[in-house]
Amino acid sequence: MSTVVVKVGTSSITLPSGEPDDSALDKLCADLTDARAAGHTVILVSSGAIATGLPVLGMADRPADVGTLQAAAAVGQPRLMERWAATLGLRGVVAGQVLLTPFDFVHRAQYLHARSTLARLLDLGVLPIVNENDTVAVDEIRYGDNDRIAALVANLVRADTLVLLTDTAGLFTADPRLDTDASLIEEIVEVDAALEDLAGGTGTERGSGGMASKLAAAKIASWSGVRAVIAGADEPDVVRRALDGTSVGTIVQPRPTRLSSRKLWIAFAVGASGRVEVDDGARRALVESGRSLLAIGVRGVRGRFVPEDAVEVVGPDGRPFAKGLVTYDADTLRAVAGRRSSDLPEGAPAEVIHRDDLVVLP
């Protein structure tokens, strides 16, 4: 049978007060248990820690500062996990908590440790419940990146399907709350800029994701060779239907080629600190021949960055076509831009971005 990663958003499992919604948790636990009973391997990625912690701390609204969000997560995470464990326990399923950050997917030792931990939990019959480690996350905590974490987990465990459960039935041609003529998009072959514009911004006040975050996660999954389904958490038998191919939600088909976990992280899990402008010859060498970027092809540098930072690579038209990890800081790269490798200072790296650290974007 298949391996499925199921991600559920804050608004789908909590009440307006922030308290966990027991009926929603019970419904989803039944869906997960049914999938396991059918022979599927199941991993759950759950949001909701911050929302659960806020009422305990006497806060009615989601705060803006990271420190308070981290404190709320520290209070809410054990309470939310307790509810998951108790509800699954009623069905004879043992739950195990796994806390991750995006950086666990790029550092080789952490990546292997996370993969082995999840594999061992599954071997023992445990249903892993993953959450971003919101108590230590910084930028990530502000962007609802459990969607991204779910997609990276799907890559990590080589899942067959990623199911992104939300409070709408899928991706629509317009916002169904505002446009009665909006219709559900049932299948996406390639996530493009038009679809990303359609998905819009963040969702509810209790969560920080939204359809744009779901579509971005589905795009990561697609690049991982994983089929993704965006569907309503309240749909009957939603996990089974997503796995069986029954019509439910929006299906995002996998790409025929699969990125390595490292290149997936470079492309989607780390923000760009600047831009490197290249000439058309360098663009062709990177796109068509899979070569490294050399200093001679660099025509301009924007932003401030240091070695190992991620940067976008843009062509003569100014459009980003690749992303990679640089070997130079911004000032040094400006100084050597356009030089032949033989003219570089002694000890300077031959490659501005090595081909192993470069991802060509669609």
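Look up: the structure comes first, before these words.
Given the structure is predicted, the values throughout are model-derived calculations rather than measurements.

Draft legend 1. Region of the structure containing the overall build of the protein. Assigned secondary structure in the protein consists of 12 helices and 15 strands. Relative to the 2.2 N^0.38 estimate, which gives 21 Å for 362 residues, the radius of gyration of the protein is 22 Å and therefore close to what a compact globule would have. Principal-axis analysis of the C-alpha atoms places the extent of the protein at approximately 70 × 45 × 40 Å. Expressed as a percentage of the 362 residues in the protein, the buried residues total 51%. With an accessible surface of roughly 15900 Å², the protein has 50% of that area assigned to carbon and sulfur atoms.

Draft legend 2. Region of the structure containing the environment of alanine 228. When you line up the elements, alanine 228 lands in strand E7 (residues 227-232). Each residue touching alanine 228, except ones within four places of it in the same chain, is listed here: Leu162, Ala218, Ala221, Thr250, Ile251 and Val252.

Draft legend 3. Region of the structure containing the pairing of E7. Counting buried residues in E7 gives 6 out of 6 residues, a clear majority hidden from the surface. Taking every second residue as pointing to the same face, both faces of E7 are buried, with Arg227, Val229 and Ala231 on one and Ala228, Ile230 and Gly232 on the other. Both strand E5 (residues 161-166) and E7 contribute to a ladder of 6 bridges, which runs parallel. For leucine 162, the partnering residue across the bridge sits in E7 and is alanine 228. In this structure, E7 lies alongside strand E8 (residues 250-252), joined through 3 bridges in antiparallel fashion. When the bridges of E8 are listed, alanine 228 appears paired with valine 252.

Draft legend 4. Molecular detail of helix H2 (residues 22-37). Between the first and last C-alpha of H2 there are 22 Å, a value that for 16 residues agrees with the 22 Å anticipated at 1.5 Å per step. Every buried residue of H2 is listed here: Ala24, Leu25, Leu28, Cys29, Asp31, Leu32, Thr33 and Ala35.

Draft legend 5. Structural context of the packing of aromatic side chains. Scanning all chains against the criterion turns up 0 aromatic pairs. The residue whose ring lies beneath arginine 255 is tryptophan 223, and the NZ or CZ to ring-centre distance is 4.4 Å.

Draft legend 6. Fine view of the nonpolar core. Of all hydrophobic cores here, the largest spans 51 residues; its most connected members are Val5, Phe105, Val130, Val153, Leu162, Leu171 and Ile188. Discounting chain neighbours no more than four positions away, the residues touching valine 153 are Val5, Ile43, Leu100, Phe105, Leu118 and Val130. In terms of nonpolar packing, the next biggest core, distinct from the first, is built from 30 residues, Leu80, Trp84, Leu88 and Ala242 among them.

Draft legend 7. Spatial organisation of the packing of helix H3 (residues 49-56) against helix H4 (residues 66-89). Two numbers describe how H3 lies on H4: the axes approach to 6 Å, and their chain directions differ by 100 degrees. With respect to H4, the axis of H3 lies roughly perpendicular. When H3 is examined against H4, the residues Ala49, Ile50, Thr52, Gly53, Leu54 and Val56 are found in contact with a partner set consisting of Leu69, Ala72, Ala73, Val75, Gly76, Gln77, Arg79 and Leu80. Partitioned by chemical class, the residues of the contact of H3 with H4 number 9 nonpolar, 4 polar and 1 charged.

Draft legend 8. Main features of the side chain of threonine 250. Along the chain, the position of threonine 250 falls in strand E8. A polar atom in the side chain of threonine 250 sits 2.9 Å from the backbone nitrogen of leucine 171. Among the polar contacts listed, one links the side chain of threonine 250 to the backbone oxygen of isoleucine 185, at a separation of 2.6 Å. Not counting the four nearest positions on each side in its chain, threonine 250 is found in contact with Ala169, Gly170, Leu171, Leu184, Ile185, Glu186, Ile188, Ala228, Val229 and Ile230.

Draft legend 9. Summary view of the pattern of salt bridges. Here the structure, examined in full by the defined rule, presents 17 salt bridges. With a shortest N-O distance of 2.7 Å, lysine 27 and aspartate 31 are connected by a salt bridge. With lysine 27 and aspartate 31 both in helix H2, this residue pair falls 4 residues apart, about one helical turn. Residues aspartate 237 and arginine 240 are paired through a salt bridge, measuring 3.5 Å at the closest nitrogen-oxygen approach. Overall, the relative accessible area of 38% leaves arginine 240 in the partly exposed class. One continuous salt-bridge network, built from bridges that share partners, spans Lys7, Asp147 and Lys214.

Procedures and definitions
Residues numbered from 1 in each chain as written. Predicted model: local features only at pLDDT ≥ 70, side-chain atom pairs only at ≥ 80, totals over all residues. Heavy atoms only, no water. Helix = DSSP H or I, 4+ residues; strand = E, 2+ residues; numbered from the N terminus. Rg over C-alpha atoms; globule rule 2.2 N^0.38 Å. Buried < 20%, exposed > 50% of the residue type's maximum accessible area, 1.4 Å probe, protein only. Areas by Shrake-Rupley, 256 points an atom, 1.4 Å probe, with all protein chains shown as cover. Contact = heavy atoms within 4.5 Å. Pairing = 2+ DSSP bridges. Expected span 1.5 Å × (residues − 1). Phe/Tyr/Trp six-rings, centres within 6.5 Å; stacked < 30°, edge-to-face > 60°. Lys NZ or Arg CZ within 6 Å of the ring centre and 35° of its normal. Core = buried A, V, L, I, M, F, W, Y, C linked by side-chain atoms within 4.5 Å. Axes fitted to C-alpha atoms, helices over the stretch in contact; angles between N-to-C directions. Parallel < 35°, antiparallel > 145°, perpendicular 65-115°, else oblique. Nonpolar A, V, L, I, M, F, W, Y, C, P; charged D, E, K, R; others polar. Polar contact = N/O pair within 3.5 Å; in protein donor to acceptor, adjacent residues only side chain to side chain. Salt bridge = Lys/Arg side-chain N within 4 Å of Asp/Glu carboxyl O.

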